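So you can see what is in the structure, the chains are spelled out below.
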Amino acid sequence: MLANFKKDKGDYMGIAGKLNDNAAVTAEVRSFLPNDFGLYNMAGNVNEWVFDVYRPLTSQTLRDADNHDLNPVRGNKFKRVETDEDGRPVEKDSLGRIKYRYIQDDELATRDNIRRGDALNYRDGDKESEAFYDFEQHTLVSDKARVYKGGSWADRAFWLSPGARRFKDEDEADRTLGFRCAMSRMGGSATNDKPSGNQFKVKQRRVDRRYK
């Protein structure tokens, strides 16, 4: 696999003369090939926070246990842009960010795709069944437990699988955990006299020359 991850115990980049990924910690963004969508480092380099709150998918006490493998996303809190009386976005905050607010349930009466603004425990049966989460006493799972995935430079290949899920409190930080930025290309099809798209240099095989 072409990615920045730990090959074995203590092997973060290989031994002298036999480097395998040339990165002891994080690597430059374009050090490895992108995926089919043109996104870099979706596996390896750093773990990625994702949208979902964490719930164990193997619990047999939840009401929807039979369908958990088909519905892995447990929900979130939905937001919309905060607007004034005329329906225009309010002034941005001091850092230039658009202001959002949480959607209330009474605003969703005419919506077909959203029924509740707070869908963290929507129809999963957690609060009505025996599968409650006694945070900090029996488990670290709560509505603040967020999923992260993707693997990092300090993780083995197992954690690079898209199906491997771990969780951490949303207020916590880690040296191997972050997020990935992506944007659509803007402007013409070519810039700076170069064709658009990703350009890669093919490393030539080294030729050992023998001198007599």
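Our structure is the block above this text.
The structure contained in this document is the topic of the report that follows.

Rules of the game
- Residues numbered from 1 in each chain as written.
- Predicted model: local features only at pLDDT ≥ 70, side-chain atom pairs only at ≥ 80, totals over all residues.
- Heavy atoms only, no water.
- Phe/Tyr/Trp six-rings, centres within 6.5 Å; stacked < 30°, edge-to-face > 60°.
- Helix = DSSP H or I, 4+ residues; strand = E, 2+ residues; numbered from the N terminus.
- Buried < 20%, exposed > 50% of the residue type's maximum accessible area, 1.4 Å probe, protein only.
- Lys NZ or Arg CZ within 6 Å of the ring centre and 35° of its normal.
- Polar contact = N/O pair within 3.5 Å; in protein donor to acceptor, adjacent residues only side chain to side chain.
- Contact = heavy atoms within 4.5 Å.

Describing the packing of aromatic side chains
On inspection of all chains with the given rule, the structure shows four aromatic pairs. Ring centres of Trp49 and Tyr148 lie 6.2 Å apart, and the angle between their planes is 65°; on these two criteria the pair is classed as edge-to-face. In this pair, Trp49 is assigned in strand E3 (residues 47-53) and Tyr148 in strand E6 (residues 145-149), connecting sequence segments 99 residues apart. The exposure class of Trp49 is partly exposed, given its relative accessible area of 24%. Aromatic pair Phe158 and Trp159: ring centres 4.9 Å apart, planes at 85°, arrangement edge-to-face. Of the residues examined, Trp159 reaches a relative accessible area of 26% and is grouped as partly exposed. Sitting over the ring of Tyr102, Lys77 keeps its end group 5.3 Å from the ring centre. The lysine or arginine in question, Arg166, covers the ring of Trp159, its NZ or CZ lying 4.0 Å from the ring centre.

Brief notes about the side chain of Asn4
The residue Asn4 is located in the segment before strand E1 (14-15) in this model. The buried category is assigned to Asn4, whose relative accessible area is 1%. At a separation of 2.6 Å, a polar atom in the side chain of Asn4 contacts the main-chain carbonyl oxygen of Val25. Once residues lying within four places of it in the same chain are set aside, the contact partners of Asn4 are Asp21, Ala23, Val25, Thr26, Ala27, Phe32, Gly44, Asn45, Ser152 and Trp153.

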